[in-house]
Amino acid sequence: MKIDTILFFVIIALLLISCQSATSPTADIPVDEETTRQEPTQAAAPEAEIADPAALAANSWQWISFTNPVEQFDVEMPENYILSFSEDGTLDILADCNNASGTYATEGSSLTIEIGPMTMAACPPDSRSDQFVQLLTGAAIYFFEGEDLYIDLMADGGTMAFAPASQEATANPTVDPAVLHLAGTYRFHPGVAEENFDYILILNQDGTAELDEVPLGSENISQQDAAGTWHPTDDGQGIIFDIQTILGQAAQKEEFIHFTFVDNLPVVSEISVNDQFVHLEDGVFTLGSGDTGPLVGELNRRLATLEYLGFIDPMDDTYGEETRQAVMSFQASQGLPASGVLDARTWVLLDNPQPPLPTPTPAEPITGVPNIDDLPAETEDGRPIVYLTFDDGPDPNNTPQLLDLLDQHQAQVTFFNVGNEVETWPDLVRDSATRGHYIADHTWDHHSLEGMTSEQFIQEADRTRDAILAAAGDLFTLDRNVRYLRPPYGATDANTFQYAAQEGFAIVLWTIDPQDWRRPGADVIANHVLEHVYPGAIILSHDGGGDRSQTIQAYRSILPALQEQGYVFRTIFFP
């Protein structure tokens, strides 16, 4: 070929490259002027500028811009992305709200990257993190210009520009890079199915952390419950959360929580007490009736320091009825649902209690609504009365067994039924009423009544009453109505009692709670009831909401033992 012909094709090629670069649209990430860099050309740098893995691993690389001539990725990218290469061939991608890891290999000027799925997404709906990962995965040409790293995507035709990450430019991670894939936002349940809240654990790339409690089904975090820092455990299989602030105030004493990861979700395995970690059984971050151990002892100590509770430290490690009632009082003083179960939020607040809320002024009694405080403690001939109540049914597996057991001991009890279960199993409601038990209201779908409007309250309570009356109202010879309502979780607010009275309900809580729903063992349930029973006590148990075999087994001991003590069993209804 002649020399002039060769020159002609060279000139044409250069013109084409020049035109392609000149017409390429851009979609830069908004960055500070200090981090803005000159866009690279599409041509690969000379061979001398190609780096080796050691050079790639020398820095973490913050993405500063992206150029894509074929317009496949022309949206703004608000997140700060960081690439972290290791000399062993592994790679981490860190984003403000999402993370991924993988491997890479170099050969000449080619860079091959294989990246796994993003971990524990915490991004807003319009996030582009997944597109970023997709673009970066595959073969590419990489080179340096000055301090900056450029990766030309051969398949998609785009160029990504990175600058050495710095504390000023981004939140440079301070935790071990080997476990930065654990950073992210996690939503998980406390481990007890009946609890009506979730936890939100946020592990940021800069080593900060946050723990919040949110109602089931809610996406809104109303306030930051606890914040601090996190670091990986020695085995890299979990993290330690160092709580330093509680509700925005410095903690009086730091709390340390050890989370391990099971199926990519955090599970609380230990919590610190007096600078020593205490193991939590089954990873359940709640304590309740029947639990024992140093964590309960520390709870009793903390409760006793709050004079307004009037609680005296029993100096033992058992979660008894007195402890449960003190926890309820403390929760009410902090504006929490008074469940009597120690959860994460209650625990950290005990270390940093807020001033107690003022005691609400008792509402004026409304005529026509039964007063539960008037329940008699003894029969006319002086025998002690105990009021057994069972929630969350009817249930086809549990309720028939319980009914037969109650018949054996001539026990009449009160069933607080859930409306949707009543609608599903009306024959069980009729069977219960036929045997002389009282059927009461436990809302339609077991939602907390706290914070409800009047209309929402009526939907939950009146709909359930209508279902009960439809199933067995003709059998209610004494009442012809459903007059008693038990709020799920015992959660109420200032409006709950008013709404209830307007609809003709009396609110019924309880005085003894063995927390059988936690399934602590039949012996634990039975012992709790028998150790704390007294004339006029209202005992809370469950015949629905899950496996209640432990509850039924416990009552095989409770009923004859109470009869031997002279107790008689009555429903809460009285004319």
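Located above this text is the structure these notes cover.
An account of the accompanying structure is given in this report. (Residues numbered from 1 in each chain as written. Predicted model: local features only at pLDDT ≥ 70, side-chain atom pairs only at ≥ 80, totals over all residues. Heavy atoms only, no water.)

Details of the overall build of the protein chain
Phase 1: Looking only at helices and strands, one finds 13 helices and 23 strands in the protein chain.
Phase 2: Expressed as a percentage of its 575 residues, the buried residues of the protein chain come to 51%.
Phase 3: Restricting to contacts in the protein chain with at least 6 residues of sequence separation, those with at least 24 account for 60%.
Phase 4: Summed over all atoms, the accessible surface of the protein chain reaches about 26300 Å², with 51% contributed by carbon and sulfur. (Helix = DSSP H or I, 4+ residues; strand = E, 2+ residues; numbered from the N terminus. Buried < 20%, exposed > 50% of the residue type's maximum accessible area, 1.4 Å probe, protein only. Contact = heavy atoms within 4.5 Å. Areas by Shrake-Rupley, 256 points an atom, 1.4 Å probe, with all protein chains shown as cover.)

Thoughts on the nonpolar core
Phase 1: One finds Val 386, Leu 388, Phe 415, Ile 539, Tyr 555 and Leu 559 to be the most contacted residues of the largest nonpolar core, which totals 46 residues.
Phase 2: With sequence-adjacent residues up to four places away left out, Val 386 is seen in contact with Val 533, Ala 537, Ile 539, Leu 562, Tyr 567, Val 568, Phe 569 and Arg 570.
Phase 3: In this structure, Phe 188, Phe 197, Trp 230 and Ile 246 belong to the second largest nonpolar core, which totals 44 residues. (Core = buried A, V, L, I, M, F, W, Y, C linked by side-chain atoms within 4.5 Å.)

A few points about the sheet that holds strand E16 (residues 276–279)
Phase 1: The strand order across the open sheet formed by eight strands is E9-E10-E11-E12-E13-E14-E15-E16, and the pairing between neighbours is antiparallel. Looking at the sheet topology across the chains shown, the edges are occupied by strand E9 (184–188) and E16. On average, each strand axis in the sheet is inclined to that of its neighbour by 35°, with strand direction left out of account.
Phase 2: Both E9 and strand E10 (residues 197–203) contribute to a ladder of five bridges, which runs antiparallel. What sits directly across from Tyr 186, in E10, is Leu 201.
Phase 3: Of the strands in this sheet, strand E14 (249–262), strand E15 (265–273) and E16 are in contact with helix H4 (residues 294–304), which crosses E15 at around 65°.
Phase 4: The strands touched by helix H6 (residues 344–351) are E10, strand E11 (208–215), strand E13 (238–246), E14 and E15; relative to E14, the strand with the most contacts, the crossing angle is about 150°. (Pairing = 2+ DSSP bridges. Axes fitted to C-alpha atoms, helices over the stretch in contact; angles between N-to-C directions.)

So, unusual backbone geometry
Phase 1: Cis geometry is adopted by the peptide bond preceding Pro 394, which originates at Gly 393 and carries an omega value of 0°.
Phase 2: The backbone of Tyr 489 shows a phi angle near 65°, a positive value even though the residue is not glycine.
Phase 3: Turning to its location among the elements, Tyr 489 is positioned in the loop between strand E20 (484–485) and helix H11 (494–502).
Phase 4: For Gln 515, which is not glycine, the phi torsion reads 50° and is therefore positive.
Phase 5: Along the chain, Gln 515 turns up in the loop between strand E21 (506–507) and helix H12 (522–532).

Some thoughts on the packing of aromatic side chains
Phase 1: Using the criterion set out here, one finds nine aromatic pairs in the structure.
Phase 2: Ring geometry for Tyr 438 and Phe 573: centres 5.3 Å apart, planes at 15°, overall stacked. Taken together, the residues Tyr 438 in strand E19 (residues 438–441) and Phe 573 in the segment after strand E23 (568–569) connect sequence positions 135 residues apart.
Phase 3: Take Tyr 438: its relative accessible area is 8%, and that puts it in the buried class.
Phase 4: Since its relative accessible area comes to 11%, Phe 573 is described here as buried.
Phase 5: Counting every residue linked through ring pairs, the aromatic cluster contains Phe 390, Phe 415 and Tyr 555.
Phase 6: The cationic tip of Arg 302 hangs over the ring face of Trp 347; the distance from NZ or CZ to the ring centre is 4.2 Å.
Phase 7: Looking at Arg 463, its charged tip hangs above the ring of Trp 444, at a distance of 3.8 Å from the centre. (Phe/Tyr/Trp six-rings, centres within 6.5 Å; stacked < 30°, edge-to-face > 60°. Lys NZ or Arg CZ within 6 Å of the ring centre and 35° of its normal.)

Brief notes about the pairing of strand E17 (residues 385–391)
Phase 1: The element E17 is extensively covered by neighbouring structure, given that seven of its seven residues are classed as buried.
Phase 2: Burial along E17 is two-sided: the face carrying Ile 385, Tyr 387, Thr 389 and Asp 391 and the face carrying Val 386, Leu 388 and Phe 390 are both buried.
Phase 3: Sheet topology note: the E17/strand E22 (residues 538–542) ladder contains five bridges and is parallel. In the strand pairing of E22, Leu 388 is matched with Ile 539.
Phase 4: Assessed by its sense of winding, the connection that carries the chain from E17 through helix H7 (residues 399–408) to strand E18 (residues 414–417) is right-handed. (Right-handed = clockwise from strand over helix to strand, strands pointing away.)

Regarding H12
Phase 1: Listed in full, the buried residues belonging to H12 are Ala 522, Ile 525, Ala 526, His 528, Val 529 and His 532. Down the axis of H12, the sector holding all buried residues measures 160°, keeping them to one side. H12 presents Asp 523 and Glu 531 as exposed residues on the side facing more than 90 degrees away from its buried surface.
Phase 2: Contact partners of the buried residues in H12: helix H5 (321–333), E22 and helix H13 (549–564). (Arc of directions from axis to C-beta.)

Things to note about H5
Phase 1: The end-to-end C-alpha distance of H5, which contains 13 residues, comes to 18 Å, matching closely the 18 Å that a straight helix rising 1.5 Å per residue would cover.
Phase 2: Listing the buried residues of H5 in full gives Glu 321, Thr 323, Arg 324, Ala 326, Val 327, Met 328, Phe 330, Gln 331 and Ser 333.
Phase 3: In this structure, the buried side of H5 is in contact with H4, H6 and H12. (Expected span 1.5 Å × (residues − 1).)

Some thoughts on the packing of H4 against H6
Phase 1: One way to put it is that H4 packs onto H6 with a least axis distance of 10 Å and a crossing angle of 50°. By the angle between their directions, the pair H4 and H6 is classed as oblique. Here H4 runs over H6; the crossing is left-handed. Contacts between H4 and H6 involve Leu 295, Glu 298, Leu 299, Arg 302 and Leu 303 on the former and, on the latter, Trp 347, Leu 350 and Asp 351.
Phase 2: Its residues assigned to classes, the contact of H4 with H6 shows five nonpolar, no polar and three charged. (Parallel < 35°, antiparallel > 145°, perpendicular 65-115°, else oblique. Left-handed = near helix turned anticlockwise from the far one by under 90°. Nonpolar A, V, L, I, M, F, W, Y, C, P; charged D, E, K, R; others polar.)

All quantities given are derived from atomic positions and should not be read as evidence of function.
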